[in-house]
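Secondary and tertiary structure notes
These are the residues of each chain, in order.
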Amino acid sequence: MRDRYEGQAFFEKTMKNIGGLMSLQKHLNLELIDLDKVNLGDFQPYIKLDGKKVNINVFDFGNLPLIKTKDIKNPVFFIIQKDSLTFLLCGLATKDVIKNNLIDTSVVQSSTDEYMDFVGFKFLEKIK
């Protein structure tokens with residue numbers, strides 16, 4: 001039973017990340033990701049804009065996006081997944097905006113991982 005649950009959770013997380021990436025690529029008129037060439041084992045969505053890496057954080061509607069504090073190295077596009085087929089593009093946050101708009105989560109985390117919720121939506125830049 002555990003393998004089935006973990007497999008379903010992996011599938012849902014991967015589809016959320018791929019769906020968010022593809023919705024942003026379509027909005028920006030970029031070439032869509034080739035799913036045959038993607039390593040799904042550790043898929044982390046990002047795009048390159050003007051030669052710079054921009055991470056993508058896809059989170060569930062009704063929740064705040066969770067940020068791993070030690071991984072704040074690039075700007076981030078925030079995208080809400082409303083349902084399995086609906087993605088809402090929120091905007092782009094710089095590293096400074098992210099760092100200055102984090103709060104502690106109520107989720108219990110292990111001592112090796114530090115996550116915080118992002119709350120700075122009013123500071124996001126519009127996606128052009």
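Data block above holds the structure.
What you see is a predicted model, and the numbers here were worked out from it, not measured in a lab. (Residues numbered from 1 in each chain as written. Predicted model: local features only at pLDDT ≥ 70, side-chain atom pairs only at ≥ 80, totals over all residues. Heavy atoms only, no water.)

1. Re the overall build of the protein
Looking only at helices and strands, the protein has two helices and seven strands in total. Across the protein, helices and strands are ordered from the amino to the carboxyl terminus as α-β-β-β-β-β-α-β-β. A compact globule built from 128 residues should have a C-alpha radius of gyration of about 14 Å, and the protein, at 15 Å, falls within 12% of that. Along the three orthogonal principal directions, the C-alpha set of the protein runs to about 45 × 40 × 25 Å. Of the charged side chains in the protein, 18 are positive and 17 negative; the average position of the first set lies 5 Å away from that of the second. (Helix = DSSP H or I, 4+ residues; strand = E, 2+ residues; numbered from the N terminus. Rg over C-alpha atoms; globule rule 2.2 N^0.38 Å. Lys, Arg positive; Asp, Glu negative; His and termini not counted. Charge placed at Lys NZ, Arg CZ, Asp CG, Glu CD.)

2. Quick notes on the sheet that holds strand S5 (residues 86-93)
What the four strands build is an open sheet, ordered S1-S2-S4-S5; its pairing is mixed. Looking along the sheet, the strands with just one partner apiece sit at the ends: strand S1 (46-49) and S5. The mean inter-strand angle of the sheet, taken between neighbouring strand axes irrespective of direction, is 25°. (Pairing = 2+ DSSP bridges. Axes fitted to C-alpha atoms, helices over the stretch in contact; angles between N-to-C directions.)

3. Description of a nonpolar patch on the surface
Together, Leu 64, Ile 103 and Val 119 make up a nonpolar patch on the protein surface, roughly 210 Å² of accessible area in all. Turning to its location among the elements, Val 119 is positioned in the segment after strand S7 (115-118). (Patch = residues over 30% accessible without salt bridge, like charges linked within 9 Å, V, L, I, M, F, W, Y side chains within 5 Å. Areas by Shrake-Rupley, 256 points an atom, 1.4 Å probe, with all protein chains shown as cover. Salt bridge = Lys/Arg side-chain N within 4 Å of Asp/Glu carboxyl O.)

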